[in-house]
Amino acid sequence: MDYQFPKGFWWGSAASGPQTEGVFEGDGKAQNIWDFWYEEKPEKFFNNVGPDKTSRFYKKYQEDIQLMKETGHNSFRTSIQWSRLIPDPETGVVNPKAVEFYNHVIDGLLENGIEPFFNLYHFDMPMTMQEKGGWLNREVVDQYVFYAKTCFELFGDRVKKWFTHNEPIVPVEGGYLYGWHYPDEINLKHGVQVAYHEALASAKAIEVYHSMNFLDGEIGIVLNLTPTYPRDEQNKADVEAARLVDGLFNRSFLDPAVKGHFPEDIIKWVKENDLMPITTPEDLKTIAENTIDLLGVNYYQPRRVKAKETPVEIAGNSILPEDFYDVYDMPGKKMNPYRGWEIYEKGIYDTLMNLKENYGNIRCYISENGMGVEGEERFVNADGMIENDYRIEFVTDHLKWVHQAIQEGSQVQGYHMWTCMDNWSWLNAYKNRYGFIAVDLEQEGKRTIKKSGYWFKELTKNNGFN
Ligand code: BGP
């Protein structure tokens, strides 16, 4: 094998509860912000398709686990839905149907040789908690910690890989800057407070997990790391802009998670712009003392930036990160035209090497990487299989760089694709498909393995490729 991976490498895919499970009559799940927002503003959602139209993992998990096995998974990440497990966080009463469901999923995975990786929060604030302000409210942090502890108690005997959040920067961007998530505000000061509370919630959940020393697993966080490149490495202003953007979107979560403190330059920037969140010394101590065991790295695309060409007037709460830099539209960059994201395979290597060099070579795995493509039906062959060679090429090209990072000492321990089954995505619904397995919504969610699924099986069997 030209590209042989270390023994025990985790191969699989990632998904989330809200994007796959669905809501079913009588199952006791309460509303989260997505269910609520869809009721309020269906026009926000692509083709008016909302979170009630998922791939129905709640009903089809047995079949789906078999398909994971058939496509060579040895691991799979999903998330528990807080609003399913504890429908009313005020009372803290656990929903027995949710416990039964997640128990079946965990046991089903383990029986089929698939290691369950469980995440606690994937953008899905329960509506009862959002009504109190969601992550803006310090009390919600304690409610989340109760939820996390409940999960560890119920499932920690079998789930050995836990994650506190998926991409905590996204609820900040989506909910408080760019209108992709409820509550759809533009208020960076609120965004900074939310980010701080998410980091605190993560540290507190880690503290609880580590205190339950009868559990022998590990816990971390999943971050979407977007390596940030300046237009011109020789231009000081461009380099400074890139440093700020890296600080705001990457280091603001990576540093507290791995090093236990927020980056100095970002604290300075936040102070200068009158954005300081409310903190307490005890909470900062909790963050300092409870760092992660393992990091999930979601990698999709880099950021390219340049210094601001025309300075903007900064006005109160309407301040946005973009007021401080310009996006650099690099000529000739390779694009995924469907999702509008740049494809830059070396970014995955740069990210892993940054972790090696600047973050104590923290143990990590690629927790998401993938390519969303529109209209995949046009690639169906005579046997009804989608021939998605572009996805095979995308994964291969990224894996070569992962392999290179391993040769150079990175402690990356696995690779998960986004995603297993084509699934519902937030505002884009089913516009872009990412799966190894096609889901036909017209035929009650019928599953068909795509070419990339069979290819992945070979890859994982060989633990590498040529
Ligand atoms: C990640 C999220 C996923 C998923 C993926 C693809 O950022 O963790 O939830 O949705 O991106 O993005 P999208 O569905 O927006 O194309």
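Note that the coordinates shown come from a computational prediction; the quantities given were computed from them, not determined experimentally. (Residues numbered from 1 in each chain as written. Predicted model: local features only at pLDDT ≥ 70, side-chain atom pairs only at ≥ 80, totals over all residues.)

> Residues and numbers for the overall build of the protein, please.
When you go through the protein residue by residue, the secondary structure sums to 15 helices and 17 strands. Its C-alpha atoms give the protein a radius of gyration of 21 Å, near enough to 23 Å, the size a compact globule of 466 residues would have. Once the C-alpha set of the protein is aligned to its principal axes, its extents read approximately 60 × 55 × 45 Å. For the protein, with 466 residues in total, the buried portion stands at 49%. Long-range pairs, those at least 24 residues apart, make up 76% of the contacts in the protein between residues at least 6 apart in sequence. (Helix = DSSP H or I, 4+ residues; strand = E, 2+ residues; numbered from the N terminus. Rg over C-alpha atoms; globule rule 2.2 N^0.38 Å. Buried ≥ 20, exposed ≤ 12 C-beta atoms within 10 Å, placed from the backbone. Contact = placed C-beta atoms within 7 Å.)

> I'd like a description of the site of the ligand, backed by residues and values.
Around the ligand sit 14 residues, and of these Glu 167, Gly 372, Trp 418, Ser 425 and Asn 432 come closest. A breakdown of the residues in the shell around the ligand according to their chemical character gives two nonpolar, nine polar and three charged. (Near = placed C-beta within 6 Å. Nonpolar A, V, L, I, M, F, W, Y, C, P; charged D, E, K, R; others polar.)

> Pulling in residues and values, what's your account of the packing of helix α10 (residues 236-259) against helix α11 (residues 264-272)?
Where α10 meets α11, the closest approach of the two axes is 10 Å, and the angle between their N-to-C directions is 105 degrees. By the angle between their directions, the pair α10 and α11 is classed as roughly perpendicular. Of the residues in α11, those in contact with Leu 244, Gly 247, Leu 248, Arg 251 and Ser 252 of α10 are Asp 265, Ile 266 and Trp 269. Here the residues of the contact of α10 with α11 are counted per class, giving four nonpolar, two polar and two charged. (Axes fitted to C-alpha atoms, helices over the stretch in contact; angles between N-to-C directions. Parallel < 35°, antiparallel > 145°, perpendicular 65-115°, else oblique.)

> An account of helix α2 (residues 33-40) is requested, with residue identities and associated values reported.
Those residues of α2 lying buried are Ile 33, Trp 34, Asp 35 and Trp 37. Of the surrounding secondary structure, the elements contacted by the buried residues of α2 are α1 (17-20) and α6 (127-130).

> How would you sum up the sheet that holds strand β9 (residues 303-307)? Please name residues and give values.
Read from one edge of the open sheet, three strands run β7-β9-β10, paired in mixed fashion. Two strands lie at the open edges of the sheet, namely β7 (228-230) and β10 (325-327), each paired on one side alone. For this sheet, the mean inter-axis angle between neighbouring strands, taken without regard to orientation, is 40 degrees. Two elements, β9 and β10, share three bridges in a ladder whose sense is antiparallel. Bridged to Val 305 within β10 is Val 327. (Pairing = 2+ DSSP bridges.)

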